[in-house]
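Residue-level listing of the chains:
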Amino acid sequence: MTKPFLQIDGKPIPYTAGQTIMEAATAAGIYIPHLCHNPEFEPHGSCKLCTVKVNGRNCSACTFPAADGQDVLNDTAELNELRRTVTQLLFVEGNHLCPSCEKSGNCQLQAAAYFLGMVDAHFPFFYPARELDGSHPDILLDRDRCIFCELCVRASRDVDGKNVFAIGGRGIDSRLIVNSPSGKLADTPIAATDKAARVCPVGAILVKRRGFEVPIGERLYDRHTLAEESLEREEPIVESRHD
Amino acid sequence: MDRDENERRIVAGIVENHGRDAHRLLSMLREVQRELRHVSPTAQQTVAETLGVCVTRVRAVVEFYSFLSAAPLGKFDIRISDSITDHMLGSRDIAAYLCDALAIRPGDIRPDGRVSMAFTSCTGLCEQGPAGLVNGYAIPRLTRERVDRIVELVNHDTPLSDWPEALFAVEDNVRLKDRLLANPVKPGASLERVLAQGRETIFEEIETSQLRGRGGAGFNTAWKWRFCYEGPEEVAVCPPGQPAAQAERYVVCNADEGEPGTFKDRVLLQSHADQVFEGMTVCAYLVGARQGFLYLRGEYLYLHQRLEGVLAERRRQGLLGEGILGRKGFDFDIEIRLGAGAYICGEESALIESLEGKRGVPRNRPPYPVTHGYLGKPTVVNNVETFFAAAAITLHGGEWFASVGTEKSKGTKLLSICGDCSRPGIYEYPFGVTISRILDDCGADDTLGVQIGGPSGMFISDKEFGRKLAFEDLATGGSFIVFDRTRDVLEIARNFTHFFAHESCGFCTPCRVGTALLKNLLDKIGDGHGAAGDLAELSRLGRFVRSTSHCGLGQTAANPILSTLERYPELYQKRLKTIDFEPGFDLDGALAIARRLSGRDDENAHLTQT
Ligand SMILES: Cc1cc2nc3c(=O)[nH]c(=O)nc-3n(C[C@H](O)[C@H](O)[C@H](O)COP(=O)(O)O)c2cc1C
Ligand code: SF4
Ligand code: SF4
Ligand code: FES
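Residues numbered from 1 in each chain as written. Chains lettered and ligands numbered in written order. Predicted model: local features only at pLDDT ≥ 70, side-chain atom pairs only at ≥ 80, totals over all residues. Heavy atoms only, no water.

### Focus on the nonpolar core
Heads up, the rule is: For this analysis, a nonpolar core means a set of buried residues of the types Ala, Val, Leu, Ile, Met, Phe, Trp, Tyr and Cys, connected via side-chain atoms within 4.5 Å. A simple rule labels every residue: compare its accessible area, found with a 1.4 Å probe on the protein chains alone, to the largest value its type can have, and call it buried under 20%, exposed over 50%, or partly exposed in between. For this analysis, residues touch if any pair of their heavy atoms sits within 4.5 Å.
Of all hydrophobic cores here, the largest spans 128 residues; its most connected members are Tyr65 and Trp225 of chain B. Excluding residues within four positions of it along the chain, Tyr65 of chain B makes contact with Arg170 of chain A together with Leu26, Tyr295, Ala340, Gly341, Ala342, Cys345, Ser354, Lys358, Arg359 and Gly360 of chain B. Judged by nonpolar contacts, the second largest core, of 69 residues, contains Leu35 and Val86 of chain A together with Leu490 and Leu562 of chain B.

### Brief notes about the site of ligand 3
The following threshold applies: When at least one non-hydrogen atom of a residue lies within 4 Å of a molecule or strand, that residue is treated as near it. Three classes are used: nonpolar for Ala, Val, Leu, Ile, Met, Phe, Trp, Tyr, Cys and Pro, charged for Asp, Glu, Lys and Arg, and polar for all others, with Gly counted as polar.
Near ligand 3, the surroundings consist of 13 residues, among which Cys505, Cys508, Cys511, Cys551 and Gly554 of chain B are the closest. Classifying every residue of the shell around ligand 3 gives eight nonpolar, five polar and no charged.

### Considerations on the interface of chain B and chain A
Note the cut-off: Here's the idea: put two parts together, see how much 1.4 Å probe accessible area each one loses, and the total over both is what we call buried area. We define a salt bridge as a contact between a side-chain nitrogen of Lys or Arg and a carboxyl oxygen of Asp or Glu at a distance within 4 Å. Identification of polar contacts relies on pairs of N or O atoms within 3.5 Å, with a donor-acceptor requirement for protein atoms, meaning one able to donate a hydrogen and the other able to accept it, and with residues adjacent in sequence counted only if both atoms are side-chain atoms. Secondary structure counts use DSSP, requiring at least four H or I residues in a row for a helix and at least two E residues in a row for a strand, with both numbered from the N terminus.
The interface of chain B with chain A comprises 37 residues on the first partner and 41 residues on the second. For the pairing of chain B and chain A, the buried interface totals around 3,000 Å² over both sides, and the portion due to carbon and sulfur atoms is 56%. Our count for the chain B to chain A interface comes out at four salt bridges. Here chain B and chain A share 22 residue pairs in polar contact (both at pLDDT 80 or more) between them. For the side of chain B that touches chain A, the secondary-structure elements that each account for two or more residues are helix H4 (55-64), helix H19 (489-503), helix H20 (509-526) and helix H21 (532-548) of chain B. In terms of residue count, H20 of chain B provides more of the side of chain B that touches chain A than any other element does, eight residues in total. Broken down by class, the residue content of the side of chain B that touches chain A amounts to 16 nonpolar, 14 polar and seven charged.

### Let's talk about the domain arrangement of chain B
Residues and elements named next belong to chain B. Let me state the cut-off plainly: Where each domain begins and ends follows an automated or database-derived domain assignment.
Segmenting chain B into domains produces domain 1 (3-64), domain 2 (76-167), domain 3 (175-231 + 248-403), domain 4 (412-487) and domain 5 (490-574). Each of domain 2 and domain 3 has a C-alpha centre, and the two are 33 Å apart. Facing 13 residues of domain 2, the contacting portion of domain 3 comprises twelve residues. Of the roughly 920 Å² buried between domain 2 and domain 3, counting both surfaces, carbon and sulfur atoms make up 60%. Inspection of the region where domain 2 meets domain 3 yields one salt bridge. Put simply, Arg266 and Glu127 hold a salt bridge, and the shortest N to O gap is 3.0 Å. The interface formed by domain 2 and domain 3 includes four residue pairs in polar contact (both at pLDDT 80 or more). The class makeup of the residues in the side of domain 2 that touches domain 3 is six nonpolar, six polar and one charged.

### A word on helix H1 (residues 3-17) of chain B
Residue and element names in this part refer to chain B. This is how it is decided: The length a helix should cover is 1.5 Å for every residue beyond the first. Think of it as the arc spanned by the lines of direction from the helix axis to the C-beta atoms.
With 15 residues, H1 should cover 21 Å at 1.5 Å per step; its first-to-last C-alpha distance of 21 Å lies within 8% of that length. Burial in H1 covers these residues: Glu7, Val11, Ile14 and Val15. On an axial view of H1, the arc spanned by its buried residues comes to 100 degrees, and they lie on one face. Along H1, exposed side chains directed more than 90 degrees from the buried face belong to Arg9 and Asn17. Buried positions along H1 lie against helix H2 (25-36) and helix H3 (41-51). One or two positions beyond H1, positive phi appears at Gly19, with a value near 65 degrees.

### Things to note about the packing of aromatic side chains
The cut-off we apply is this: Stacked, tilted and edge-to-face pairs are distinguished by plane angle, under 30 degrees for stacked and over 60 for edge-to-face with tilted covering the rest, among Phe, Tyr and Trp rings (Trp via its six-membered ring) whose centres lie within 6.5 Å. In our convention, an over-ring charge means Lys NZ or Arg CZ found within 6 Å of a ring centre and within 35 degrees of that ring's normal.
Using the criterion set out here, one finds 19 aromatic pairs over all chains in the structure. Taking 6.3 Å as the distance between ring centres and 65 degrees as the angle between the ring planes, the aromatic pair formed by Tyr343 of chain B and Phe500 of chain B counts as edge-to-face. Of this pair, Tyr343 of chain B sits in the loop between strand E8 (333-338) and helix H15 (348-355) while Phe500 of chain B sits in helix H19, and the two are 157 residues apart along the sequence. For the pair Tyr343 of chain B and Phe500 of chain B, a shared accessibility class is recorded, and that class is buried. Between the aromatic rings of Tyr427 of chain B and Tyr429 of chain B, the centroid separation amounts to 6.2 Å while the plane-to-plane angle is 5 degrees, which identifies the pairing as stacked. Relative accessible area serves as the criterion here: at 3%, Tyr427 of chain B is assigned to the buried category. Here a set of aromatic residues connected by ring pairs shows up, and it is made of Phe76, Trp163 and Phe168 of chain B. Over the ring of Phe64 of chain B we find Arg170 of chain A, and its NZ or CZ is 5.7 Å from the ring centre. The cationic tip of Arg179 of chain B hangs over the ring face of Trp400 of chain B; the distance from NZ or CZ to the ring centre is 5.9 Å.

Set out below in structure tokens:
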């Protein structure tokens, strides 16, 4: 059976019914920048880094269904500029002190900034005052670095079956909240081996006493671009899901 | 019994009364708030335990909706509308006067716990402002005398139920009727016609009318109902050997009306609720729904009891319930669900999330509500006015409706007109009416411009009054705010931009962070600290937020800035203080036209470049 096709940057890409544009691209080895998306989980569509142009309209590749005859633009100057702006917004919204962050070199937000050629924050910083939760013996929650991708929410709910996290607040006052009467991580059943403790793309949820195990300079994104790393990890996942 | 124990019993009782149905979470929390003046962490825990859901689910909802609060509010909780129209009618002065008299500051609760005061987004009383809410009940036309009365009642601790009714009297102010308002439908008349003519004939009438949704976007109503009727494909693939199951379908009336400057749905619900419910019931018959919801914004709490009364009367008359008008199998009923202060819940998929007892975060689309709506089932969501019109079309026929209007916008449209005019209120016009005609009718003169379709719409300058209201030219959900020449365009844009930043749900990055940045940037310029670079930034960021946001809120949030920046660049430039780089144009020279038009050439009308 021949598969139907869509076009990404002028190149015909096959897809299977039910795939999103992101999945079709990943399966074909094409990288579309993303942060809140991880093929192991239900698509979310919140960060908007994966914005592509579909037949002239901006859409989120991670949630938009692939369809026959779509003309998708991905790697264009305009879209990369727009993605750079998204990345800048995420940087100024929180407190991201990369040089002193344990996640440095393993952080997808930082890697996205490098990948997109972001050289400054451009916008004034918000310097939010968000509560840090160090109550858990094995896990640190530093809300300053949260980008509201809800990967921990999805991982805890769908993989660990523990529902430890949720998003509270509204608008710019949104914040990650924890499912326990005290609101503290120590009073939840989360364990360092849980998916939710390891899925955070930035340094907001960190496993304690593992800091600097791999020296800076030899870390994931010190050796690979975000595109290489993403495709290598995600291609097999997408293949196994849809074939 | 200690206080905590007592609180837990009250809260658990409320949850029980709602049948421990987690979809009714928002309704439960509204009641807890009303009984205990807040939804404390203990109350949240009790709700979660009784319902068997995570406490985060409850906490997240409490934190999302403006009218719910985890910290105690005053026994009398007063909120003053911060809509631009209330500002123009002096709301800020009245609020200051009120705060003085109560010895309280905005955002505070008085130490004796008696009263708290805060500002709130548009209350929908735009033509009878400055308006406020006391424990959620609307009080229009606040004057110093009325405020004195309120302060007295608060200080005497008079229960709200004993406050004089006159304080709460909300007027209709209908100024111009056309075919809809002039031909109200008698209860049951449209339904009788539906039963006599049959589903297909009525579908055809609605198609012939070419009725488009009155909520703003203007989607063809007949198509929406048709898609819902036909349903998603999975309905067709029933398990083999089992009878073809009919998927549940739902009819939802969107009475969130959060767009500042809009109040036509309020008037329809206040005086024509029967016809709105009739339209919903017609829709239910056509699409095969058995359950309907009226999603009523929290600000219209004062209508709640009255609307329940109308529903009860319709049940009594056999116009709702089982076997409507004696037709076996025609079963449909309507439940009223109240919102709790979140503009985003007017967006249809956020509204459905809210109906399901969640935070109002817009869903990813496709799929659309019409195939995957409430509880994942096919759902029609329409505006109040759409159902109101549909009932009339059912009775009088599609031709009757389509014979006025324009090529792409048939029929008439209800406008809520307010701002600088002598006869604000509700006007019904055939589509295609010009702005200047409307301005004449409502008694506006020396008009600077009009905000059409509310903050998410467009600011039209006095050079564009020949333009027409119609989907072909200026689309609108019905908000029409008039500004005269005493008004400051920048302050208007600022009010609207604050509104969007406050109402952003926070789900997606461009809107969550972008609207906050736009607000800060506009404040910087408005406060006289702007530099030329800030204007370029304003427009670039605005276009970015417009093109990348997840839903209509973010996609329109920059409209007030972009549409005024385009029309009045000189007004923005006039506010700039320093120029931190060499611009590619002569700033002072660019002001020459403005100086000539305004006939002033003093020092302040010039900018020096550094
Ligand atoms: C942020 C936002 C707020 C909205 N608020 C309302 C509203 O208060 N009332 C309304 O009828 N439609 C509102 N809408 C439009 C609805 O999403 C939907 O299109 C409408 O209810 C469909 O009904 P209609 O086809 O009868 O217009 C809003 C849309 C957005 C994006
Ligand atoms: S803590 Fe990490 S995984 Fe969770 S929402 Fe924030 S950034 Fe995403
Ligand atoms: S555009 Fe704004 S309101 Fe809409 S989903 Fe994004 S954050 Fe929420
Ligand atoms: S990756 Fe698609 S929106 Fe975040």
